[in-house]
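A look at the structure
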2 protein chains.
Amino acid sequence: MTLALTMGDPSGIGPEITAAAWHALRTTGPAFVALADPVLLGAHAPVRVVAHPGAAGFADAIPVLPIDLATRAIPGTPNPANAAAIIASIEQAVRLAQSGAASGVVTNPISKAVLKSAGFPHPGHTEFLAALTGTAGHEIMMLVCPELRVVPVTIHVSLRDALDLLTTEKIVEAARTAHAALRRDFAIENPRVAIAGLNPHAGEQGHMGTEEQLLIAPAIAALRTQNIDVTGPWPPDTMFTAAARKKYDVAICHYHDQALIPLKTLDMWGGVNVTLGLPIVRTSPDHGTAFDIAGAGQANPASLIAALRLADEIARNRAR
Amino acid sequence: MTLALTMGDPSGIGPEITAAAWHALRTTGPAFVALADPVLLGAHAPVRVVAHPGAAGFADAIPVLPIDLATRAIPGTPNPANAAAIIASIEQAVRLAQSGAASGVVTNPISKAVLKSAGFPHPGHTEFLAALTGTAGHEIMMLVCPELRVVPVTIHVSLRDALDLLTTEKIVEAARTAHAALRRDFAIENPRVAIAGLNPHAGEQGHMGTEEQLLIAPAIAALRTQNIDVTGPWPPDTMFTAAARKKYDVAICHYHDQALIPLKTLDMWGGVNVTLGLPIVRTSPDHGTAFDIAGAGQANPASLIAALRLADEIARNRAR
């Protein structure tokens, strides 16, 4: 099976990490087809324009389903004129996955600011993919590195808004979705779910905040009635140590940085973003377009390579 | 010179980690005098009751300035009856440091709940030490491990209260105090101070929160006028990676877990708590009383050993 890899912002590091990922995976797989500009990608690696996804000849060249750019991409200088091509690449990748022609979608980084200036109404990839697949509102982000899996219940909102938006229902839905994904996509028979506290020391019995008692404990109780192996609320600062990480398969976190700080501190370049709650398989590297180093040959492809490998693993687990 | 080491809660892991620290340091130093119950400590290591602090004979036994317990300490079962002894140990250690008889104070863990039930009005060690030394309100907590130094601007309050309490003035004071301490106590000539953002991605130009623009940027501007090498606001999730940590000497963080999650994720047992803004040198291990394992011989003394070494290093730097 072949994965569909989107172009991402063509002025970012997408083209060079795509080429580097192909070099790393060309003989071992997983194979992918790039939905990209063949000229731009061809500057970094051998490419072959194809009409349909397929793994044949992957060892010799990157198969490319061509997407025309409106204007030449200049590394480090994003151009909203190319927004339509960036979006078309994502849409086509999703269609390939929906039809079964691709086993999953892996997305290169996009710039929200660039797409927004071209009228793109979604906050990011994740929400756009949910809209394209008819599952808007059910998308859940999981970040995965070899040492840790985390799911933030609230994501791209201010910390103050995160506190206002957090509810027992959202915690329960994030934990249930993560639990189901660990079973189906990660082949973990009885996933252990750890729920973080929100406040220092998980509130110390209400001395430093009451969300643990008012929001989080009821979520844990509700999850227990659904036969989910769940623990918490854990003191946030000690739940990501090596010893603590052995006690769970996923940590449910309440705000962006509670999830992202430990993950990126442990593994800046190996982290993968997995979207749960979609009918299709979707992963991405967990870094951005890196316009500041685009074209300089310094970009690290590790996260994209890990994203391709994980998408393939999830697709295989789903096909069992 | 000799450090003054308090007893901490005698039902916690204090006695056993004190003995283990003495075993680790007895020939190399730094030497310390324990302000503790000699019978309790004597169950774990050889002790010698002394009338004054002094390093002589440290290799043979732990020098102990005796503090009588009101009742026998049972490991794992704290007793408020011993609160007066716990507090007396801290008060005497501070007096020794103030008089110059000790080079600094290192504190074993206490239980806030136990002391509170005995009428102790302070939220913890740090505030008590500030009150004892006439510097209440100026105490700043710094956490140090070999990989990272962090200063939380707000500490033991709920996350919601932390957002309400954060001000430009507090950020400036924390950064100034940390900068001065790095020069005087850590012998770093031109300390580089990194200020964290508060919101995901440091707010992305106001798209996800405005504290970066309203509170943090003005603090950075004010610090620059004081010739402090300051950078920020940094996106919180990527500022603790190995590459990012090379770019600063201390990270100023806005809430407890923003500082503590990366530190404990990197180094659960080597972290040291240093109180800045006091006239005396004070460090402590950055873990608690661990009543659940007290007396079981499982306690890890690494943080206490690191705290003793760091207090000695700070005292030597101040004496230069």
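Residues numbered from 1 in each chain as written. Chains lettered and ligands numbered in written order. Predicted model: local features only at pLDDT ≥ 70, side-chain atom pairs only at ≥ 80, totals over all residues. Heavy atoms only, no water.

Attention now goes to the overall build of chain A. Within chain A, the secondary structure is distributed over eleven helices and twelve strands. Expected size for 320 residues packed as a compact globule is a radius of gyration near 20 Å; at 20 Å, chain A falls within 12% of this value. Projected onto its principal axes, the C-alpha positions of chain A cover 60 × 40 × 35 Å. Across the 320 residues in chain A, those meeting the buried criterion constitute 58%. Residue pairs in contact within chain A that sit at least 24 positions apart in sequence constitute 72% of those at least 6 positions apart. Here chain A displays about 12,100 Å² of accessible surface, and carbon together with sulfur accounts for 53% of that area. Counting 23 positive and 27 negative side-chain charges, chain A places the centres of these two groups 5 Å from one another. (Helix = DSSP H or I, 4+ residues; strand = E, 2+ residues; numbered from the N terminus. Rg over C-alpha atoms; globule rule 2.2 N^0.38 Å. Buried < 20%, exposed > 50% of the residue type's maximum accessible area, 1.4 Å probe, protein only. Contact = heavy atoms within 4.5 Å. Areas by Shrake-Rupley, 256 points an atom, 1.4 Å probe, with all protein chains shown as cover. Lys, Arg positive; Asp, Glu negative; His and termini not counted. Charge placed at Lys NZ, Arg CZ, Asp CG, Glu CD.)

This brings us to the domain arrangement of chain A. In many reports, interface size means the accessible area that the parts give up when they come together. All names here are of chain A. The domain boundaries assigned to chain A delineate domain 1 (1-139 + 279-320) and domain 2 (140-276). The partner domain 2 presents 22 residues to the 21 residues of domain 1 that form the contact. Where domain 1 abuts domain 2, roughly 1,900 Å² becomes buried across the two surfaces, and 51% of that area is made up of carbon and sulfur atoms. Taken as a group, D286, L310 and R318 account for 28% of the area that domain 1 buries against domain 2, more than any other trio of residues on that side. Run the count over domain 1 and domain 2 and you get one salt bridge. With a shortest N-O distance of 2.7 Å, R318 and D185 are connected by a salt bridge. Run the count over domain 1 and domain 2 and you get eight residue pairs in polar contact (both at pLDDT 80 or more). Elements represented by at least two residues in the side of domain 1 that touches domain 2 include exactly β12 (282-285) and α11 (302-319). Of the residues forming the side of domain 1 that touches domain 2, the biggest block, nine residues, is contributed by α11. Looking at the side of domain 1 that touches domain 2 residue by residue, the classes come out as six nonpolar, eight polar and seven charged. (Domains from an automatic or database assignment. Buried area = accessible area lost by both parts, 1.4 Å probe. Salt bridge = Lys/Arg side-chain N within 4 Å of Asp/Glu carboxyl O. Polar contact = N/O pair within 3.5 Å; in protein donor to acceptor, adjacent residues only side chain to side chain. Nonpolar A, V, L, I, M, F, W, Y, C, P; charged D, E, K, R; others polar.)

Relative to chain B, chain A is turned by 180° and slid 0.0 Å along the rotation axis, the superposed coordinates differing by an RMSD of 0.0 Å. Taken together, these values place the two copies in the relation of a two-fold axis. Taking C-alpha positions as reference, the residue of chain A nearest the rotation axis is A:P262, located at 3.0 Å. Of the residues that chain A buries at the interface, 100% are likewise interface residues in chain B, meaning the two copies contact each other through the same surface. (Least-squares fit on C-alpha atoms with pLDDT ≥ 70 in both.)

A separate point is the interface of chain A and chain B. On the chain B side, the residues contacting the 36 residues of chain A number 36 residues. Taken over both partners, the interface formed by chain A and chain B buries close to 3,000 Å², and the fraction arising from carbon and sulfur atoms is 63%. Connecting chain A to chain B are six salt bridges. The closest approach of N and O atoms between A:K264 and B:D237, which form a salt bridge, is 3.8 Å. The greatest single-element share of the side of chain A that touches chain B, amounting to nine residues, is contributed by helix α10 (residues 256-266) of chain A. Partitioned by chemical class, the residues of the side of chain A that touches chain B number 15 nonpolar, eleven polar and ten charged.

So, about the side chain of A:T107. Residues and elements named next belong to chain A. Position of T107 relative to the elements: it lies in the loop between β5 (104-106) and α4 (112-117). One polar contact links T107 to R282, side chain to side chain, over a distance of 2.7 Å. Excluding anything up to four places from it in sequence, T107 contacts T6, H125, R282, T283, S284 and P285.

Two numbers describe how α10(A) lies on helix α10 (residues 256-266) of chain B: the axes approach to 9 Å, and their chain directions differ by 35°. For the element pair α10(A) and α10(B), the recorded crossing hand is right-handed. Residue-level inspection shows A:Q258, A:I261, A:P262, A:T265 and A:L266 of α10(A) in contact with α10(B), the latter providing B:Q258, B:I261, B:P262, B:T265 and B:L266. Taken together, the residues of the contact of α10(A) with α10(B) sort by class into six nonpolar, four polar and no charged. (Axes fitted to C-alpha atoms, helices over the stretch in contact; angles between N-to-C directions. Left-handed = near helix turned anticlockwise from the far one by under 90°.)

What follows deals with the nonpolar core. Of all hydrophobic cores here, the largest spans 183 residues; its most connected members are A:M142, A:I195, A:I252, B:M142, B:I195 and B:I252. Grouped together as the second largest cluster of nonpolar side chains are 37 residues, A:L148, B:L143, B:A251 and B:C253 included. (Core = buried A, V, L, I, M, F, W, Y, C linked by side-chain atoms within 4.5 Å.)

This part takes up the pairing of strand β9 (residues 229-234) of chain B. Residues and elements named next belong to chain B. Across four bridges, strand β8 (residues 192-196) lies against β9 in parallel orientation. Along β9, the bridge assignment pairs A196 with W234. Tracing the backbone out of β8, into helix α8 (residues 211-224) and back to the parallel element β9 gives a crossover that is right-handed. (Pairing = 2+ DSSP bridges. Right-handed = clockwise from strand over helix to strand, strands pointing away.)

Take the pattern of salt bridges next. All names here are of chain B. Taken as a whole, this structure holds 14 salt bridges over all chains when the rule is applied. Of the charged contacts in the structure, one is a salt bridge between R192 and D249, with a shortest N-O distance of 3.2 Å. Of this pair, R192 sits in strand β8 while D249 sits in the loop between α9 (242-245) and β10 (250-253), and the two are 57 residues apart along the sequence.

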